[in-house]
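Summary of the model geometry
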Amino acid sequence: MEPSLILKALSNETRRQILFWLKHPEQYFDETPYLEQGLTLQIGACVSDIQEQAGLAQSVISSYLLMMQKAGLLEAERVGKWTFYRRNEKTIQAFAEYIRTEL
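For the protein, the name recorded in an unreviewed UniProt entry is Helix-turn-helix domain-containing protein, with Paenibacillus dendrobii as its organism.

**Concerning the packing of helix α2 (residues 13-23) against helix α5 (residues 47-54)**
As a packed pair, α2 and α5 sit with axes 11 Å apart at the nearest point and diverge in direction by 120 degrees. When the axis of α2 is compared with that of α5, the two are oblique. For the crossing formed where α2 meets α5, the hand is right-handed. Contact with α2, carried on its side by Thr14, Ile18, Trp21 and Leu22, involves Ile50, Gln53 and Ala54 of α5 and no other residues of that element. Considering only residue class, the contact of α2 with α5 consists of five nonpolar, two polar and no charged.

**Focus: the side chain of Asn88**
Counting through the fold element by element, Asn88 comes out in the loop between β3 (82-87) and α7 (89-102). Owing to a relative accessible area of 14%, Asn88 belongs among the buried residues under this scheme. Residues contacting Asn88, with those up to four places away along its chain left out, are Gly72, Leu73, Leu74 and Glu75.

**Comments concerning the sheet that holds strand β2 (residues 74-79)**
Here we have three strands laid out as an open sheet, ordered β1-β3-β2, and antiparallel in their pairing. Sheet topology places β1 (45-46) and β2 at the edges, where each strand pairs with a single neighbour. Judged from the six bridges that link them, β2 and β3 form a sheet pairing that is antiparallel. Paired with Glu77 across the strands is Phe84, a residue of β3. Strands in contact with helix α6 (residues 58-70) are β2 and β3; relative to β2, the strand with the most contacts, it is inclined by about 120 degrees.

**Overview of the pattern of salt bridges**
Per the stated rule, a full pass over the model turns up five salt bridges. A salt bridge links Glu77 to Arg86; the shortest N-O distance between them is 3.2 Å. For Glu77, a relative accessible area of 31% gives the class partly exposed. The closest approach of N and O atoms between Glu97 and Arg100, which form a salt bridge, is 2.8 Å.

Definitions and limits used
Residues numbered from 1 in each chain as written. Predicted model: local features only at pLDDT ≥ 70, side-chain atom pairs only at ≥ 80, totals over all residues. Heavy atoms only, no water. Axes fitted to C-alpha atoms, helices over the stretch in contact; angles between N-to-C directions. Helix = DSSP H or I, 4+ residues; strand = E, 2+ residues; numbered from the N terminus. Parallel < 35°, antiparallel > 145°, perpendicular 65-115°, else oblique. Left-handed = near helix turned anticlockwise from the far one by under 90°. Contact = heavy atoms within 4.5 Å. Nonpolar A, V, L, I, M, F, W, Y, C, P; charged D, E, K, R; others polar. Buried < 20%, exposed > 50% of the residue type's maximum accessible area, 1.4 Å probe, protein only. Pairing = 2+ DSSP bridges. Salt bridge = Lys/Arg side-chain N within 4 Å of Asp/Glu carboxyl O.

So this is what it looks like as structure tokens:
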């Protein structure tokens, strides 16, 4: 865990929103297309769904997701031609502990 990367990733409102949406994806993303493919939102949300929810260009969202993944806040899983993102709860908990004990 690199706290400076996490703090930088969290410095943007949209990136914080993405983490919020992925905390309870069933509230923010339609699971129907996932179920039709034999998947659930437990795998994560597809880039295009996150992009649609954010209302920003896919290139912007992709760069945000990559930054958050490099910071350890997100995990990515590729299924076919789609990439799904979900929260990395282990890193989030470690960062929360770091904030509680170090700052």
